[in-house]
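Below are the chains, spelled out letter by letter.
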Amino acid sequence: NNNAATAKAITIITGTNQFSNNGVQGLYARSKGVITLKDVTANYNGNTGINLINTYSTTAAAVNLQGTIIASGNDYGGLDVESNGAITASTLVANGNIGIGVFLKNDSAVAAQAVTINGNGSQAKFNTGGGFFVDSRGAVTLVSLTATNNSGGWGASIDNTFSTVGSVVTLTGTNVFNNNSVGG
C-alpha cells in the first residue's frame with residue numbers, strides 16, 4: 001500500500017503464515033504504515049524470504065516482528081527490513097541463505113529510531129553473505145544472538161555511526177559469534 005494517500009498498516013498475526021517454495025520472494029510487503037508480523041515462515045524461495053519496506057511515509061512507521069520469524073534456505077537472503085521507524089523483533093531464524101541472513105535497516109529515518117532483537121534463540125547460521133546486519137541511527141539492543149559458520153561476511157555487523165545523538169549498541173544475554181569468514 002505504498003501508493004495509498006494515507007498510511008495503512010499491514011498486519012499478519014493470526015493463523016499459520018507460510019510463504020515458502022516460491023519462484024521469487026516469499027513475502028514482499030511495501031507500506032506507508034506500520035508492518036506487524038507474527039510467527040511467519042518463508043523458506044526456500046527463489047529470492048529473499050521476507051522483504052519488508054515502509055520507508056514511503058514522511059512519518060516514522062515501525063516494523064514489529066512478533067513470535068518466531070523463520071527465513072531459511074532462500075536464494076537471495078533471509079529477512080530484509082527497511083524502515084524509517086523503530087524495528088522490534090522477538091526471535092529471528094535465518095539459516096542457510098544465499099546472501100545475508102538478517103538485514104535490519106532504519107538509518108534513513110529523520111530522527112533516531114531503535115532496533116531491538118529481544119527474543120531468546122535468534123540465529124543466523126551458514127549464510128553466504130553474513131549473519132546479522134544492522135544499520136541504524138538509533139540505539140541497537142540485541143539479546144542472545146547466535147551467528148556461526150557464515151561465509152562471505154560477518155557473524156554480526158552493527159553500524160549506528162549514522163546517529164547524531166550518540167546512540168548506543170547493547171548486547172545482553174548469551175551471544176555466540178564463531179567461525180564466520182570475516183569476523184564475529
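Conventions we followed
Per chain, the residues get numbers from 1 upward, laid out in the order the sequence is written. Confidence filtering applies because this is a predicted model: local features only for residues at pLDDT of at least 70, side-chain atom pairs given and counted only at 80 or more, and all residues used for totals across whole chains, interfaces and linings. In computing side-chain values, all of the structure's heavy atoms are included and hydrogens and water are not. Secondary structure follows DSSP: runs of H or I at least 4 residues long count as helices, runs of E at least 2 residues long count as strands, and numbering of each begins at the N terminus. Remark: exposure states derive from per-residue accessible area (1.4 Å probe, protein chains only) relative to the maximum for the residue type, with buried under 20%, exposed over 50%, and partly exposed in between. The contact definition used throughout considers only heavy atoms, calling two residues in contact when any of these lie within 4.5 Å. Residue exposure ignores everything except the shown protein chains as possible cover, and the areas themselves are Shrake-Rupley values with a 1.4 Å probe. The charge count includes Lys and Arg as positive and Asp and Glu as negative, but it does not include His or the ends of the chains. Think of each charge as sitting on NZ of Lys, CZ of Arg, CG of Asp or CD of Glu. Here, a strand pair is defined by DSSP locating no fewer than two bridges between the strands. Fitted lines through C-alpha atoms serve as axes, helices being fitted only where they are in contact, and the angles separating the N-to-C directions of these axes extend from 0 to 180 degrees. The rule for a salt bridge is simple: a side-chain nitrogen of Lys or Arg has to be within 4 Å of a carboxyl oxygen of Asp or Glu. Here the nonpolar core consists of buried residues drawn from Ala, Val, Leu, Ile, Met, Phe, Trp, Tyr and Cys, with membership extended through side-chain atoms lying within 4.5 Å. For the purposes of these results, a polar contact is taken to be a pair of N or O atoms within 3.5 Å, where, inside protein, one atom must be able to donate a hydrogen and its partner to accept one; residues adjacent in sequence count only when each atom of the pair is a side-chain atom.

A. Geometry of the overall build of the chain. Helix and strand counts for the chain come out as zero helices and 18 strands. Going through the 184 residues of the chain one by one, you find that 52% of them count as buried. Sequence-distant contacts in the chain: of pairs separated by 6 or more residues, those separated by 24 or more amount to 64%. As presented, the chain carries roughly 7700 Å² of accessible surface, and 51% of it is formed by carbon and sulfur atoms. Positive and negative charge centroids in the chain, built from 7 and 7 side chains respectively, lie 10 Å apart.

B. Region of interest: the sheet that holds strand β13 (residues 130-136). Within the open sheet, the six strands sit side by side as β3-β6-β8-β10-β13-β16. Their pairing is parallel. Looking at strand neighbours, the two that pair on one side only are β3 (27-30) and β16 (156-159), the edges of this open sheet. Geometrically, the sheet is characterised by an average inter-axis angle of 5° between neighbouring strands, direction not taken into account. One ladder, built from six bridges, connects strand β10 (residues 100-106) with β13; its direction is parallel. Among the inter-strand pairings, Leu 104 is bridged to a residue of β13, identified as Val 134.

C. Fine view of the pattern of salt bridges. Enumeration according to the criterion identifies one salt bridge in this entry. Lys 105 is the salt-bridge partner of Asp 107, the closest N and O atoms lying 2.8 Å from each other.

D. Molecular detail of the nonpolar core. Counting 32 residues, the largest nonpolar core has Leu 37, Ile 50, Leu 52, Leu 65 and Leu 104 as the members making the most contacts within it. Setting aside residues no more than four positions away along its own chain, Ile 50 makes contact with Leu 27, Leu 37, Val 40, Ala 42, Ile 69, Ile 70, Ala 71, Gly 78, Leu 79 and Asp 80.

E. Seen up close, the side chain of Asn 74. When you line up the elements, Asn 74 lands in the loop between β7 (63-70) and β8 (79-83). A relative accessible area of 0% places Asn 74 in the buried class. One polar contact links the side chain of Asn 74 to the main-chain amide nitrogen of Tyr 44, over a distance of 3.3 Å. Not counting residues within four places of it along the chain, the set of residues in contact with Asn 74 comprises Ala 42, Asn 43, Tyr 44, Asn 45, Asn 47, Thr 48, Gly 49, Gly 96, Asn 97 and Ile 98.

F. Highlighting the pairing of β8. Within β8, four of the five residues are buried, which leaves the element mostly enclosed by the surrounding structure. Inspection of the sheet shows strand β6 (residues 50-54) paired to β8 by five bridges, in the parallel sense. In the sheet register, Ile 53 faces β8, and the bridge partner there is Glu 82. Across four bridges, the pairing between β8 and β10 is parallel. Among the inter-strand pairings, Val 81 is bridged to a residue of β10, identified as Leu 104.

G. Quick look at the pairing of strand β15 (residues 145-148). Bridge count for strand β12 (residues 122-125) against β15 is four bridges, and the pairing is parallel. Along β15, the bridge assignment pairs Gln 123 with Thr 146.

H. Representation of unusual backbone geometry in the model. Even without a glycine there, the phi angle at Asn 21 is positive, about 60°. Turning to its location among the elements, Asn 21 is positioned in the loop between β2 (17-18) and β3. At Asp 39, a position not held by glycine, the phi torsion is positive, near 50°. You can call Asp 39 partly exposed: its relative accessible area is 36%.

I. Seen up close, the environment of Gln 123. Following the sequence through the fold, Gln 123 ends up in strand β12. Taking the C-alpha atoms as reference, Gln 123 lies 9.7 Å from Asn 175; in sequence the two are 52 residues apart. For Gln 123, the residues in contact, after removing those within four places along its chain, are Leu 92, Val 93, Ala 94, Asn 95, Phe 132 and Thr 146. Within the structure, the side chain of Gln 123 is placed 2.8 Å from the side chain of Asn 95, a separation counted as a polar contact.

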